[in-house]
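Understanding the architecture of this molecule
Next come the chains, spelled out residue by residue.
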Amino acid sequence: MHLWWDNDEDLLATPFGEAHKGCPSKDNRVIGNSFYRVQRAIRLAEDVGTLVCDNAFVACDKPVELVGRSQEDAEAAVWMDAPGLKEVVILRPGMDAAWQPRDVLAEFPKLMTGSGTQSAFLPKDALRGREYIFIDEWGPYDFSDYCVFPAVLRGGAVRYFNVLGPAGRFHITKTTGPVTVEPTAGALPCKVRVAATGEGVQPFKIELTIADKEHKTAVKDLAVEGTLLSAQWNVSFYSWTADKDPRESEENWSAIVQQQPVETMTVQSLDFTWAGGAPSEKVPRDHFATVATTRLSLPAGKWRVRTVSDDGVRVFIDAKQALANWTWHAPTVDEALVDLPAGAHDIRVEHFEIDGYAQLQFGIEP
Ligand SMILES: [Ca+2]
Ligand SMILES: [Ca+2]
């Protein structure tokens, strides 16, 4: 059991950090546990005010380890080997040595039993695994109704949707737009692939019907729509060091992207979820930069540009900035509306990754 706090300046600077006044780890209670064959059973690091009592330690090298302020804090506390209790006890200052842990345990609410009628466990034959967890606007989807998930697809050259329901089969009744759909029929649940057949922005609509397993009659008509984007993207990756932070100046950014790229690739869609990894073996997983360019022919009109980024992103259309979120952030959706004349447009997406998770996706739709 490890309770700790380290002085994480980035966390302290967030609204959460400010609201929790330094986010201390304090005043915890470690009571009534059994530790069996663990090297270090309880470790408190920069954690203060914690009460440790009535725990059993069997074959543990170090029942309680104290680090930093936790050490000073425990010295101010009262330690006792309580014969009536099972092991080491740290009492808080001011507490009576005759105090019994049961007094504290009595403060905890009793577990509710007998309320509710639904088992918390999935039935034996239930679908299991992350691929069957779908969260919609109502919460976790429970497979009691028929639906498509997601019902709107955006962005890349290839996208997927799921046909879901308690049981039954589906088949595609109509496809509008330059896309291929596979499979076009199948048993539920089913994952369906939608791929653009040409270059550019491809609006589409797919209609399908679901037949109930027993009655073989149509029980629901559903539709999936959206816009795929297939283009030839030239992508270059650069590596950078902390003294060239792109947030600090345009000169820093120019210096980064004027270097020789450490990696280049061409892709059909900007659809990168690197997570904690790197774009390739030649690119570091942190402190890298991405520049992706393409030329897209579009009809005249208002277009919605959409990015998902971690960290900084900006988009230029015909050398004019259309969207920017040039900051350190967790995966974030940014959108901008742009008015474009008909014709071919040069699109340039710039991105930098500082540390941790990394992601970059781009879409444009009417
Ligand atoms: Ca990273
Ligand atoms: Ca990051």
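Residues numbered from 1 in each chain as written. Chains lettered and ligands numbered in written order. Predicted model: local features only at pLDDT ≥ 70, side-chain atom pairs only at ≥ 80, totals over all residues.

1. A closer look at the sheet that holds strand 27 (residues 301-310)
Strands sit in the order 25-32-27-30 across an open sheet of four strands; the sheet is antiparallel. Looking along the sheet, the strands with just one partner apiece sit at the ends: strand 25 (271-275) and strand 30 (332-340). With strand direction ignored, the average angle separating the axes of adjacent strands in the sheet is 15°. As paired strands, strand 25 and strand 32 (residues 358-365) are joined by four bridges and run antiparallel to one another. (Pairing = 2+ DSSP bridges. Helix = DSSP H or I, 4+ residues; strand = E, 2+ residues; numbered from the N terminus. Axes fitted to C-alpha atoms, helices over the stretch in contact; angles between N-to-C directions.)

2. Points about the nonpolar core
Generally speaking, nonpolar side chains in soluble globular proteins are found buried as a group. Val194, Leu228, Val315 and Val349 are the most contacted members of the largest nonpolar core, which totals 37 residues. Examining the composition of this core, we find that four residues originate from one element, strand 21 (residues 200-211), more than from any other. Two domains each put at least three residues into this core: domain 2 (130-230) and domain 3 (233-365). What Val315 contacts, discounting residues up to four positions off in sequence, is Val305, Thr307, Ala322, Leu323, Ile347 and Val349. Counting residues in each nonpolar core, the second largest holds nine residues, with Tyr238, Trp240, Trp253 and Val283 among its members. (Core = buried A, V, L, I, M, F, W, Y, C linked by C-beta atoms within 7 Å. Buried ≥ 20, exposed ≤ 12 C-beta atoms within 10 Å, placed from the backbone. Domains from an automatic or database assignment. Contact = placed C-beta atoms within 7 Å.)

3. A word on the environment of Asp145
By secondary structure assignment, the location of Asp145 is in the loop between strand 13 (139-140) and strand 14 (147-149). Placed 21 residues apart in sequence, Asp145 and Pro166 show a C-alpha to C-alpha distance of 6.5 Å.

4. Topic: the pairing of strand 27
One face of the sheet, then the other: side chains in a regular strand alternate in exactly this way. In this sheet, strand 30 lies alongside strand 27 in antiparallel orientation, the contact comprising nine bridges. Each residue of the ladder has a partner; that of Gly301, found in strand 30, is Leu340.

5. Things to note about the sheet that holds strand 18 (residues 179-182)
Pairing is antiparallel across the open sheet formed by four strands, whose spatial order is 14-16-20-18. The sheet terminates laterally at strand 14 and strand 18, the two strands that pair on one side only. Within the sheet, the average angular offset between the axes of one strand and its neighbour, ignoring direction, is 25°.

6. Quick word on the confidence of the model for the protein chain
Overall, the prediction assigns the protein chain a mean pLDDT of 86, with 89% of residues at 70 or greater. Here residues 105-109 scores under 50 on pLDDT; set against residues more than four positions off or in separate chains, the count is two contacts. (pLDDT = per-residue confidence, 0-100.)

7. Concerning the environment of Ser239
By secondary structure assignment, the location of Ser239 is in strand 23 (residues 233-239). Separated by 22 residues in the primary sequence, Ser239 and Pro261 place their C-alpha atoms 7.8 Å from one another. Those residues in contact with Ser239, other than ones at most four positions away along the chain, are Val262, Val283, Pro284, His287 and Phe288.

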